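What follows is the residue order along each chain.
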Amino acid sequence: MGRRLLSPARAGLRRLGQAAATLLAGSVLVWALLALAPGDPARRVLEAGNVTNPTAAQVEAKRAELGLTGGPARRYGRWLAGAARGDLGVSWVTGRPVRDELGRRLPATLRLAAAAVGLGAVAALALALLAAAAPGRWPDTAARVLSTGALVVPGFVVGLVVLHVVVLRGADLRVIADGRWATVLLPAATLALAPAAAWSRVLRADLLRAAGSGHVDVARARGASTWWALTRHQLPHALVQFLTVVGTGVAALLGGAPVVETVYTWPGIGAYAVAGIASRDLPVVQGYALLAIAAYVAVSLSVDLAAAALDPRVAERRR
Amino acid sequence: MTAVVAAVGISRRYGPVTALAELSLAVAPGQILGVTGPSGVGKSTLLRLLAGLERPDTGHVAYAGEPAWAGRGVRYPRPGYVMPVFQNPTASLNPRWPIWRSLTEPLTAPGRERPGRARRRHLAAEWLARAHLDHIDPDTRPGALSGGQCQRVAVLRALVARPALIVADEPTARQDVITAAATSQLIAAATAAGTAAAVVVSHDRAWLAGLAHQIVDLA
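Residues numbered from 1 in each chain as written. Chains lettered and ligands numbered in written order. Predicted model: local features only at pLDDT ≥ 70, side-chain atom pairs only at ≥ 80, totals over all residues. Heavy atoms only, no water.

A short note on the overall build of chain B
No. 1: Helix and strand counts for chain B stand at seven helices and nine strands.
No. 2: Taken against the 2.2 N^0.38 rule, which gives 17 Å for 219 residues, the C-alpha radius of gyration of chain B at 17 Å falls within 12% of a compact globule.
No. 3: When its C-alpha atoms are laid out on the principal axes, chain B stretches across 45 × 40 × 35 Å.
No. 4: Counting across all 219 residues of chain B, residues that qualify as buried make up 57%. (Helix = DSSP H or I, 4+ residues; strand = E, 2+ residues; numbered from the N terminus. Rg over C-alpha atoms; globule rule 2.2 N^0.38 Å. Buried < 20%, exposed > 50% of the residue type's maximum accessible area, 1.4 Å probe, protein only.)

What follows is the structure, encoded as structure tokens:
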């Protein structure tokens, strides 16, 4: 072995450092959004507060209040310190703190994301097991056709078609999406469609790779069924990789959430961010982007740590 | 006496490559058949065909007189009738499982009563002791063992299944003389009782001559 293995503690610390660096780099980009955007934020905030023709003194005062004085480094520092405390500025449209606006809509998005990840992971697992149990035969082909279809059709098209069908058929005017668990199924399924398709392909390949190991041949020779070999030998091997792929896929879900939320009028932060973009409400867009980055970094960090904990070979080295 | 395994005119092609052409052989209970020959003559393919891991393109394989490929899949007279031992011992043991679990996996075959976890650990320790491998902790994983140790564990697992036939593909490749001797002792002991037969592939003719009753040269 050429490379020395890092101790788990050091590897963990290094991973934590990487996460912090990613978060910091992301925050610079998000902050630059505001710094590079045309127009004067102080003026926009005053206008949002119904001060249509602010005096120079009022603008100056607002600018000081918003921390817009000094060089870029100082302004970024102040903004970052504020963001770390949860202060994401005020909406240019409503004049209310972005944190409150996002916080109010966050539970709906969390519900949607959780349902989508759960639904997608289960669907991917089922599809991949089905395909890997009979590689090259019709269930495998059907799974491939299904997942390719799910991958190439964009989420908003699926959403529109689903809405159309549901609204046309169910003329009982029932609520289709209001942010509660009871109505999460359709938007979550729409959101999960493409990621689940990708996950199932990765898992199928890993399952079949594991099937090439000698111990799977031995298990089959001693009378193990296809299902037994799949679940006891192949799946545990493929699961760590699957977990990583699903974790990374959460980023895709976050990216797809604004579109799906908008199509279904789901009252989450994604739809709010789209509205923010439409009304050029930059602090809202910033707040959403920052939140998405933080969520992505947190998810991928916990996936990495979980994958390490799940792998008994890592535990072996620790002993 | 019915042959443990009989092959009649079996051949196997991988695309345009003929891996094995028209071979016939039979192995009687208690017999060790050595297979040798240069690389690429189909030694490993022959073993995979005899083990029922692959279906021959032509010809027939029979276990105890019964055709192995009657329906869509392979049909063994009973689970664990044929147990393979592969060249790469670390890949043939599940790296995620402790040794006791791999060793006693054949005991969990369908149709047998399934021993509990504590019982399986105990049985694994017993088998290890019987093979003079009691220095191996049943709780270690393959990654913590040497290649030779893994290979003897793999051979031992084959014996746990009480097979009628052991097929071993280069079981002593990458092993020193002493480890190779210990491995062949395990195989010889299993067949000495007359209950199991073995087909052993190796390009080490001298080692094979010391183990097998009969040697087939595929060259």
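Digging into the overall build of chain A
No. 1: Counting its regular elements, chain A contains 13 helices and zero strands.
No. 2: Listed by position from the N terminus, the elements making up chain A come as α-α-α-α-α-α-α-α-α-α-α-α-α.
No. 3: Seen along its three principal axes, the alpha-carbon backbone of chain A occupies a region of about 85 × 65 × 25 Å.
No. 4: Per-residue burial for chain A yields a buried fraction of 40% across its 319 residues.
No. 5: Taking as baseline every contact in chain A between residues at least 6 positions apart, the subset at least 24 positions apart corresponds to 73%.
No. 6: A gap of 8 Å separates the mean positions of the 34 positive and 17 negative side-chain charges of chain A. (Contact = heavy atoms within 4.5 Å. Lys, Arg positive; Asp, Glu negative; His and termini not counted. Charge placed at Lys NZ, Arg CZ, Asp CG, Glu CD.)

Examining the domain arrangement of chain A
Residues and elements named next belong to chain A.
No. 1: The domain boundaries assigned to chain A delineate domain 1 (2-84) and domain 2 (104-318).
No. 2: Each of domain 1 and domain 2 was reduced to a C-alpha centroid, and the two centroids are 31 Å apart.
No. 3: On the domain 2 side, the residues contacting the 17 residues of domain 1 number 14 residues.
No. 4: Of the roughly 1,400 Å² buried between domain 1 and domain 2 on both sides combined, carbon and sulfur atoms contribute 77%.
No. 5: In this assembly, domain 1 and domain 2 are joined by one salt bridge. (Domains from an automatic or database assignment. Buried area = accessible area lost by both parts, 1.4 Å probe. Salt bridge = Lys/Arg side-chain N within 4 Å of Asp/Glu carboxyl O.)

Looking at a nonpolar patch on the surface
All names here are of chain A.
No. 1: Together, Leu151, Val152, Val153, Phe156, Val157, Leu160, Val161, Val165 and Val259 give the surface a local cluster of nonpolar side chains, amounting to about 740 Å² of exposed area.
No. 2: Only α6 (138-152) and α7 (155-169) provide two or more residues apiece to the nonpolar patch.
No. 3: In terms of residue count, α7 provides more of the nonpolar patch than any other element does, five residues in total.
No. 4: Position of Val152 among the secondary structure elements: in helix α6. (Patch = residues over 30% accessible without salt bridge, like charges linked within 9 Å, V, L, I, M, F, W, Y side chains within 5 Å. Areas by Shrake-Rupley, 256 points an atom, 1.4 Å probe, with all protein chains shown as cover.)

Re the packing of aromatic side chains
For any pair of aromatic rings, the description rests on two quantities: the centre-to-centre distance and the angle between the ring planes.
All names here are of chain A.
No. 1: Under the criterion given, the structure shown has four aromatic pairs over all chains.
No. 2: Here a set of aromatic residues connected by ring pairs shows up, and it is made of Trp31, Tyr76 and Trp79.
No. 3: The ring of Tyr272 has Arg105 lying over it, and the distance from NZ or CZ to the ring centre is 4.0 Å. (Phe/Tyr/Trp six-rings, centres within 6.5 Å; stacked < 30°, edge-to-face > 60°. Lys NZ or Arg CZ within 6 Å of the ring centre and 35° of its normal.)

Points about the interface of chain A and chain B
No. 1: The interface of chain A with chain B comprises 23 residues on the first partner and 28 residues on the second.
No. 2: Counting the surface lost from both chain A and chain B, the interface buries some 2,100 Å², and carbon and sulfur atoms represent 55% of this.
No. 3: On the chain A side of the interface with chain B, the three residues burying the most area are A:Val218, A:Ala221 and A:Arg222, jointly 30% of the side's total.
No. 4: The salt bridge partner of B:Glu105 is A:Arg222, with a shortest N-O separation of 3.6 Å.

Focus on the sheet that holds strand β9 (residues 214-217) of chain B
All names here are of chain B.
No. 1: In spatial order, the strands read β6-β7-β8-β3-β9; together these five strands make up an open sheet with parallel pairing. For this open sheet the edge positions go to β6 (82-85) and β9, each flanked by a neighbour on one side alone. In this sheet, neighbouring strand axes are inclined to one another by 15° on average, regardless of whether the strands run parallel or antiparallel.
No. 2: Contacts between helix α1 (residues 43-50) and the sheet are confined to β3 (32-36), β6, β7 (165-169) and β8 (197-201), with β7 contributing the most and set at about 155° to the helix.
No. 3: The strands touched by helix α5 (residues 147-160) are β6 and β7; relative to β6, the strand with the most contacts, the crossing angle is about 175°. (Pairing = 2+ DSSP bridges. Axes fitted to C-alpha atoms, helices over the stretch in contact; angles between N-to-C directions.)

Some words on the nonpolar core
Side chains of a nonpolar character, in soluble globular proteins, are inclined to be buried together.
No. 1: Counting residues in each nonpolar core, the largest one holds 70 residues, and the members touching the most others are B:Leu46, B:Leu50, B:Leu156, B:Val199 and B:Val200.
No. 2: Not counting residues within four places of it along the chain, the set of residues in contact with B:Leu156 comprises B:Leu103, B:Trp127, B:Leu128, B:Ala131, B:Leu133 and B:Leu186. (Core = buried A, V, L, I, M, F, W, Y, C linked by side-chain atoms within 4.5 Å.)

Let's talk about the UniProt feature "transmembrane region" (unreviewed entry) in chain A
No. 1: On the UniProt side, "transmembrane region" (unreviewed entry) is annotated at positions that read residues 20-37, 112-133, 145-167, 179-199, 238-260 and 288-310 of chain A here.
No. 2: Summarising residues 145-167 of chain A: 91% helix, 0% strand, and an end-to-end C-alpha distance of 28 Å. (UniProt positions renumbered as here; feature names shortened; annotations may be inferred.)

Things to note about unusual backbone geometry
Residue and element names in this part refer to chain B.
No. 1: The phi dihedral of Arg162 is positive, around 50°, even though this residue is not glycine.
No. 2: Inspection of the secondary structure puts Arg162 in the loop between α5 and β7.
No. 3: Assessed through its relative accessible area of 55%, Arg162 is described here as exposed.
No. 4: Look at Glu170: it is not a glycine, yet its phi comes out positive at around 45°.
No. 5: Along the chain, the position of Glu170 falls in the loop between β7 and α6 (177-192).

Structural notes on helix α2 (residues 41-48) of chain A
All names here are of chain A.
No. 1: Residues Pro41, Ala42, Val45, Leu46 and Ala48 constitute the buried set of α2. Buried residues of α2, seen end-on, are gathered within an arc of 160° and therefore sit on one face of the element.
No. 2: Those residues of α2 that are buried lie in contact with α3 (56-66).
No. 3: Backbone geometry just downstream of α2 places Asn50 in the positive-phi region, at approximately 65°. (Arc of directions from axis to C-beta.)

Thoughts on the packing of α6(A) against helix α8 (residues 185-211) of chain A
All names here are of chain A.
No. 1: For the pair α6 and α8, interaxial distance at closest approach is 8 Å and the crossing angle is 140°. Of the two elements, α6 crosses α8, and the hand of that crossing is left-handed. Contacts between α6 and α8 pair Asp140, Ala143, Arg144, Ser147, Ala150 and Leu151 from the former with Leu193, Ala194, Ala197, Ala198, Ser200, Arg201 and Arg204 from the latter.
No. 2: Residues belonging to the contact of α6 with α8 are distributed by class as follows: seven nonpolar, two polar and four charged. (Left-handed = near helix turned anticlockwise from the far one by under 90°. Nonpolar A, V, L, I, M, F, W, Y, C, P; charged D, E, K, R; others polar.)

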